[in-house]
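Each chain, letter by letter, is given below.
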Amino acid sequence: MSAIEINNVNKVFNAGSGNQVVALTDINLSIASGEFVSLIGPSGCGKSTLLRLIANLLEPTGGDIVVNGKSPKQARLDQDYGMAFQQSGLFEWRTVAKNIELPLELKGWDKAKRHERAMEMLELVKLADFAGHYPWQLSGGMQQRVAIARALAVHPALLLMDEPFGALDEMTREHMQSELLGICRASGTTVVFVTHSIPEAVYLSNRVVVMSPRPGRVTEIVDVSIEGERSDATRDNSAFFKGITAVREALRGVEMSDHVRGIEDR
Amino acid sequence: MSSTITRPQRTSFLTPRRLRRVALFFASLVLVAVAWELYKVVGPEAGGKIFGWKLLPRANDNAMPHIWEMLERYGRPEVRGSDRKIWSVVLAGAWFSFRLALVGFFVGTALGLGLSILMARFKVAERGILPYLVLSQTVPLIALAPLVVSWGGKLSIGDWTWPRWLSASVLGAFLAFFPVAVGALKGLTSPPSASIELMDSYAASWWQTLRKLRFPAAVPFLVPALKLAASASVIGVVVAEISTGLKGGIGRLIIEYAREATSDPAKVFTAVFGAALLGLAMSGFVTLADLYMMRNRPKEANA
Ligand SMILES: Nc1ncnc2c1ncn2[C@@H]1O[C@H](COP(=O)(O)OP(=O)(O)O)[C@@H](O)[C@H]1O
Ligand SMILES: [Mg+2]
């Protein structure tokens, strides 16, 4: 069964007014259950917009989206997905454990069950010792891990991530990538992952969706075929480099056409 | 951000920083007293002029009694022959006004919070209400005080009639609600759109978002607003006492004692210090609330 179906989706901001922005045109994408898909492309090509459409934080101007066999709105109401952003967005007045409990609180879980789940999630992201700390007492990488734990707290079938590691240093970033893969493998979660980084996209994904701006559309979908489980050794694998080259070429095509259009515009 | 791990630390109530602050406060009191006495030594007895302007206050014992005379005055009866010492009269007056100010503070805070929630919820309300709030604060309190008293006097619900003291509290509330409304509105609308989106992604209702996100996010904005509200409620109450002649409070004592300034110059100062004590008690109360509300917040901001 496919986790997400996107058919002929368009998104226009401020339609009809002077500052109209065509953010996405004619997006078609089908994501299978358990698949890890990355969205990559230059800034402003509509990656975040596409993610927000799936999350029902925005309504499409045209076309339709199906999430978990339901409308995105129903999926949101059912908390079928968890979300994580570049900024961890933890609430500074809540302890780490209480931050993770937030979505459960809103769902009306009782206190004991909430706490149990929060501790389980903290084990998962290896921060069990920090349950009683406040976010501002943690490093950036740890905060991001808490945010991921929070996104996974309801055991969602789907995880939507918008450049979640974008603010981390390279070392922490690679470490977090491995951990994320481990978590998703264990839980069978479907992931839609927005990133700027080609190696990150290739390392994590089954498929990399390459997008281009003005107007935002999908130019190419690169299949990444790396045998076996991914680990740090994968980063030296020739299939990994092949994937990187393929995505880079797809992106170069994007920049080229963009450049050509730039000249035409003059 | 570094990867160092700070353990959550239970900081004790009396940190060195707080102790230093308290010491500084008392040191500054002593300094003011010394300056007062010094001026009495060097200042002109009958006042003085600078470039023809009558600026220097008179340094004689009538205009500026010695500090020890003021302190000594506390130990003597309020009026000759009475057995009530003045310190107990002043203290009782300050306590009376403190309770009125506290009522004004709470009523004003509740009103301010209510208005801020209304304005945060409905953009229309913000545009419709905010200008009037600003305008309300330009009405002179002295003009308002008799009005409130006369309105209140006509008010009775069943057996309940408007007590006179309530008018003073209402005027305290009238001054106190404004900083709370403005500060809370700023705080309630402070969360970044990412946090709002997060709550939306959980399908949280507006009230849930208010309780779990907007309100806690508003607390750091509320703290200075409450400090302003506390001193505003004291001012409102004292001015109301003076302008409506309400008996029992420190405001009334100040005008009564001021009438005896020539025969008993130290007396009025005992009441003035009583008013200062009232202000201190009020701000102490709010500071405790501040310490409690901000106990688990990042400390950099006020380090
Ligand atoms: N709320 C909005 N209102 C108007 N324009 C928007 C809004 N959100 C995004 N856009 C525009 O849509 C385009 C795509 O934005 P976005 O999805 O954030 O790109 P990306 O995440 O790929 O950098 C950009 O041109 C951006 O300015
Ligand atoms: Mg983006």
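Please refer to the structure placed before this passage.
The structure contained in this document is the topic of the report that follows. Everything numeric here is computed off the predicted structure, so don't read it as measured data.

**Some remarks on the overall build of chain A**
Step number 1: From N to C terminus, chain A includes eight helices and nine strands.
Step number 2: Taken over C-alpha atoms, the radius of gyration comes to 19 Å for chain A, in line with the 18 Å a tight globule of 266 residues would show.
Step number 3: Dimensions of chain A along its principal axes, counting C-alpha atoms only, are 60 × 45 × 35 Å.
Step number 4: Across chain A, every contact between residues at least 6 apart in sequence was considered, and the portion connecting residues at least 24 apart equals 69%.
Step number 5: The averaged location of the 33 negative side-chain charges in chain A is 4 Å from the averaged location of its 28 positive side-chain charges.

**A word on the packing of aromatic side chains**
The geometry of an aromatic ring pair is captured by two quantities: the separation of the ring centres and the angle between the planes.
Step number 1: Summed over the entire model, instances satisfying the criterion amount to 16 aromatic pairs over all chains.
Step number 2: Ring centres of Trp36 of chain B and Phe269 of chain B lie 5.7 Å apart, and the angle between their planes is 80 degrees; this geometry places the pair in the edge-to-face category. Taken as a pair, Trp36 of chain B in helix H1 (residues 16–42) and Phe269 of chain B in helix H10 (residues 265–293) lie far apart in primary sequence, 233 residues in all.
Step number 3: Here Arg235 of chain A stacks its cationic end above the ring of Tyr203 of chain A, 3.9 Å away from the centre of that ring.

**Considerations on the sheet that holds strand S1 (residues 2–13) of chain A**
Residue and element names in this part refer to chain A.
Step number 1: If you trace the three strands from one edge of the open sheet to the other, you get S2-S1-S4, paired in antiparallel fashion. Single-partner strands in this sheet number two, and they are strand S2 (21–32) and strand S4 (62–67). The sheet shows a mean angle of 15 degrees between the axes of neighbouring strands, taken without regard to direction.
Step number 2: Where S1 lies against S2, eight bridges are found, and the strand directions are antiparallel. Along S2, the bridge assignment pairs Phe13 with Val21.
Step number 3: Along the sheet face, helix H1 (residues 47–54) touches S1, S2 and S4 and points at about 120 degrees away from the line of S1.

**Let's talk about a positive patch on the surface**
Step number 1: A surface patch of like charges, here positive, comprises Arg17, Arg18, Arg20, Arg21 and Lys299 of chain B.
Step number 2: On the accessibility criterion, Arg20 of chain B (51% relative accessible area) is exposed.

**Here's the deal with helix H9 (residues 250–258) of chain B**
Residues and elements named next belong to chain B.
Step number 1: Among the residues making up H9, those that are buried are Ile250, Gly251, Leu253, Ile254 and Tyr257. Taken around the axis of H9, the buried residues stretch over an arc of 160 degrees, which confines them to a single face.
Step number 2: Structurally, H9 contributes buried residues whose contacts are with helix H3 (86–121), helix H8 (206–244) and H10.

**Brief notes about H8 of chain B**
Since the α-helix turns once every 3.6 residues, residues separated by three or four places project in the same direction.
All names here are of chain B.
Step number 1: Compared with the 57 Å implied by 1.5 Å per residue over 39 residues, the 44 Å span of H8 between its first and last C-alpha is markedly short.
Step number 2: For H8, the principal kink sits at Pro220 and spans about 50 degrees.
Step number 3: Phi turns positive one or two residues past the end of H8, at Gly245, with a value near 70 degrees.

**Quick word on the interface of chain B and chain A**
Step number 1: Between chain B and chain A, the contact holds 28 residues from the first and 30 residues from the second.
Step number 2: For the pairing of chain B and chain A, the buried interface totals around 2500 Å² over both sides, and the portion due to carbon and sulfur atoms is 62%.
Step number 3: The three residues of chain B that bury the most area against chain A are Glu197, Tyr202 and Lys212 of chain B, which together make up 24% of that side's buried surface.
Step number 4: Linking chain B with chain A are three salt bridges, by the criterion used here.
Step number 5: The salt bridge involving Glu197 of chain B is made with Arg52 of chain A; its shortest N-O contact spans 2.6 Å.
Step number 6: Summed over the shared surface of chain B and chain A, the number is seven residue pairs in polar contact (both at pLDDT 80 or more).
Step number 7: For the side of chain B that touches chain A, the residue count by class is 13 nonpolar, nine polar and six charged.

**Here we look at the sheet that holds strand S6 (residues 158–162) of chain A**
Residue and element names in this part refer to chain A.
Step number 1: Spatially, six strands are ordered S5-S6-S7-S3-S8-S9 in an open sheet, and the strand pairing comes out mixed. Strands at the two margins of the open sheet, each flanked by one partner only, are strand S5 (81–84) and strand S9 (217–223). Strand after strand, the sheet turns through a mean of 15 degrees between neighbouring axes, direction not considered.

**Details of the pattern of salt bridges**
For side chains bearing opposite charge, pairing can occur when the charged atoms are close.
Step number 1: Within this structure, the stated rule accounts for 22 salt bridges over all chains.
Step number 2: Among the charged side chains, a network of salt bridges with common partners joins Arg52 and Asp162 of chain A together with Glu197 of chain B.

**With respect to the site of ligand 1**
All names here are of chain A.
Step number 1: The local shell around ligand 1 consists of Phe13, Asn14, Val21, Ala23, Ser43, Gly44, Cys45, Gly46, Lys47, Ser48 and Thr49.
Step number 2: The backbone of Gly44 places a nitrogen or oxygen atom 2.7 Å from an oxygen atom of ligand 1.
Step number 3: Within the backbone of Lys47, an N or O atom sits 2.9 Å from an oxygen atom of ligand 1.
Step number 4: With the chains in place, 61% of the 560 Å² that ligand 1 exposes on its own is no longer accessible.
Step number 5: With three residues, the top contributor of residues to the shell around ligand 1 is H1.

Reading guide: rules and limits
Residues numbered from 1 in each chain as written. Chains lettered and ligands numbered in written order. Predicted model: local features only at pLDDT ≥ 70, side-chain atom pairs only at ≥ 80, totals over all residues. Heavy atoms only, no water. Helix = DSSP H or I, 4+ residues; strand = E, 2+ residues; numbered from the N terminus. Rg over C-alpha atoms; globule rule 2.2 N^0.38 Å. Contact = heavy atoms within 4.5 Å. Lys, Arg positive; Asp, Glu negative; His and termini not counted. Charge placed at Lys NZ, Arg CZ, Asp CG, Glu CD. Phe/Tyr/Trp six-rings, centres within 6.5 Å; stacked < 30°, edge-to-face > 60°. Lys NZ or Arg CZ within 6 Å of the ring centre and 35° of its normal. Pairing = 2+ DSSP bridges. Axes fitted to C-alpha atoms, helices over the stretch in contact; angles between N-to-C directions. Patch = residues over 30% accessible without salt bridge, like charges linked within 9 Å, V, L, I, M, F, W, Y side chains within 5 Å. Areas by Shrake-Rupley, 256 points an atom, 1.4 Å probe, with all protein chains shown as cover. Salt bridge = Lys/Arg side-chain N within 4 Å of Asp/Glu carboxyl O. Buried < 20%, exposed > 50% of the residue type's maximum accessible area, 1.4 Å probe, protein only. Arc of directions from axis to C-beta. Expected span 1.5 Å × (residues − 1). Bend = angle between axes of the 7 residues up to and from the residue. Buried area = accessible area lost by both parts, 1.4 Å probe. Polar contact = N/O pair within 3.5 Å; in protein donor to acceptor, adjacent residues only side chain to side chain. Nonpolar A, V, L, I, M, F, W, Y, C, P; charged D, E, K, R; others polar. Near = heavy atom within 4 Å.

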